[in-house]
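# Coordinate inspection notes
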Amino acid sequence: MDVANQEPHVAHPKAAIVTTCILAALAGLMFGLDVGVISGATQFIQAEFKVSDSVIEWIVSAMMAGAAAGSVGAGWMSAALGRKRSLILAGVLFVAGSLFCAVAGTATTLILARFVLGLAIGIAAFTAPLYLAEVAPERIRGAMISTYQLMITTGILLAFLSDTAFSSSGNWRWMLGIIAAPGVLFLIGLFFLPDSPRWLLLVGRRQDAQVVLTKLRGDEAVVRREMADIDEQLKTRQHGWSMFRENPNFRRSVGLGVLLQVMQQLTGINVVMYYAPRIFKEMGYDTHAQMWFTAVVGLTNMLATVIALAFVDRLGRKPILYAGFVMMTIGLGAVGTMMSLGITSHAEQLLTVAMLLFFIVGFAMSAGPLIWALCAEVQPLKGRDFGIACSTFTNWIMNMIVGATFLSLLNGFGNAHTFWLYAAFNAVFIGLTFWLVPETKNVTLEQIERNLMSGKPLRDIGQ
Ligand code: BGC
């Protein structure tokens, strides 16, 4: 009976894993497309609506406000409606939000449309990794999470390229509307996916959970073991908020997660992601060159992420973070200095571009992927969802603040001082990494949790 039963089962898990990988790819891609798409569009939007820089800042950052709101609602929604239905809702909002952006008649409508798009991203960025972790078999879980990271940067690159293609016509409506297409693909893909077995068990649908797991794993023994594991985990229910009130050690790890995301955003990465063409304009480039250099930024960001993923488990988190923050301090410091001296020759322009790319490499190989990994690793099991929700929310809020203030800083504080300010933040982060960030390479999550709860200083909880 075993032999007869195994034949048809073998094909199923493979198909299920492939569809899950595609979902991972598409959810990450949508995140990235949304981050990247606005940079090429702002100058054309500004020309059509004749609005000030501060309105542009709102158009850019309304998405992050939506994402912050979406990430707060996503925790409740993914428990009440389930992961799959939450993702479907995100897909619908994504398609609707993109089309709404494309037809917006006024700047205010566009701000609203960007907020809707943000809600979609907030929900998807919370639920997709959760769903993946619950559905993917252990042996490919790491690869799947890396795929997700890489797809964010691929999405940014594709958005930059698509913006570049539309820039000759100046049609910002197409730029913003076209990303509805991958949203539709995402939605179609979702209908082929099973519900998360962990969620099914959470809401008491044992039978359904077993059917799904059998389809995903194809091996009765594995299914039994995994069901028992999930049962065990569900007994240790998440008591995030009460734990936060009662346990000072947990407050330390939540604080660390929040601080890490403040650091990630104050590196200034999204200044470049949202305003790269404007930065290249300040260096004296015309529209055509601005768009192409922006595409080069996107490509650099993606390639350097690959480097990080290849080395992170070998070299450890802290050495890579130090290297990244040093590179970012130098890169932005040099861009500020070039701007203060005045960029007049072609060679000076190229040197400034090179320094900006040096900064991008510094971020993409370090703080980009590593901060996300650390934010999950430092939280104790019972408070993990709560801790990650706090740090992710911080990411979006800081992201919004950075997006909403950059043009005002350029106008009020000057180009050079703005870049120096961000360079100074990165210099401070070298120190913060030394004092507060633990090395988590090759340490089990249980060990980290024991150290945290025994009151060890944060920087030592990985030892
Ligand atoms: C950050 C985003 C950023 C992206 C750039 C991510 O790790 O959280 O805010 O836009 O990296 O690649």
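Residues numbered from 1 in each chain as written. Predicted model: local features only at pLDDT ≥ 70, side-chain atom pairs only at ≥ 80, totals over all residues. Heavy atoms only, no water.

## Things to note about the domain arrangement of the chain
According to the domain assignment, the chain contains domain 1 (1-235) and domain 2 (241-463). The centre of domain 1, based on its C-alpha atoms, is set 23 Å off from the matching centre of domain 2. Taken together, the contact pairs 34 residues of domain 1 with 36 residues of domain 2. Carbon and sulfur atoms make up 74% of the surface buried where domain 1 meets domain 2, a total of about 3,000 Å² over both sides. (Domains from an automatic or database assignment. Contact = heavy atoms within 4.5 Å. Buried area = accessible area lost by both parts, 1.4 Å probe.)

## Topic: the packing of aromatic side chains
On inspection of all chains with the given rule, the structure shows 16 aromatic pairs. On the basis of an interplanar angle of 50 degrees and a centroid distance of 5.6 Å, the ring pair of Phe244 and Phe386 is categorised as tilted. On the criterion of sequence distance, the pair formed by Phe244 in helix H11 (residues 240-246) and Phe386 in helix H18 (residues 384-413) is long-range, its members being 142 residues apart. By relative accessible area, Phe244 is classed as partly exposed at 22%. (Phe/Tyr/Trp six-rings, centres within 6.5 Å; stacked < 30°, edge-to-face > 60°. Helix = DSSP H or I, 4+ residues; strand = E, 2+ residues; numbered from the N terminus. Buried < 20%, exposed > 50% of the residue type's maximum accessible area, 1.4 Å probe, protein only.)

## A short note on the confidence of the model for the chain
On average, residues of the chain score 89 in pLDDT, and 94% of them reach the 70 mark or higher. The secondary structure element of the chain with the lowest average pLDDT is helix H1 (residues 2-49), at 74, and the one with the highest is helix H19 (residues 415-436), at 98. Predicted confidence for residues 1-11 stays below pLDDT 50, and this span has two contacts to residues more than four positions away or in other chains. (pLDDT = per-residue confidence, 0-100.)

## So, the site of the ligand
In the vicinity of the ligand, the contacting residues are Val35, Thr153, Ile156, Gln264, Gln265, Asn270, Asn301, Phe363, Gly368, Trp372, Asn395 and Asn399. Take Asn270: an N or O atom from its side chain is 2.6 Å from an oxygen atom of the ligand. One nitrogen or oxygen atom from the side chain of Asn395 is found 3.4 Å from an oxygen atom belonging to the ligand. Across the complex, the protein chains shield 97% of the 310 Å² of accessible surface that the ligand would expose by itself. Within the residue set of the shell around the ligand, elements represented by two or more residues are helix H5 (138-167), helix H12 (248-266), helix H17 (367-377) and H18. Grouping the constituent residues of the shell around the ligand by class yields four nonpolar, eight polar and no charged. (Near = heavy atom within 4 Å. Polar contact = N/O pair within 3.5 Å; in protein donor to acceptor, adjacent residues only side chain to side chain. Areas by Shrake-Rupley, 256 points an atom, 1.4 Å probe, with all protein chains shown as cover. Nonpolar A, V, L, I, M, F, W, Y, C, P; charged D, E, K, R; others polar.)

## Regarding the environment of Leu23
Along the chain, Leu23 turns up in helix H1. Once the C-alpha coordinates of Leu23 and Leu193 are considered, the two residues, 170 residues apart in sequence, prove to be 8.7 Å apart. When near neighbours in sequence (up to four residues on either side) are disregarded, Leu23 contacts Leu87, Tyr131, Leu132, Phe186, Leu190 and Leu193.

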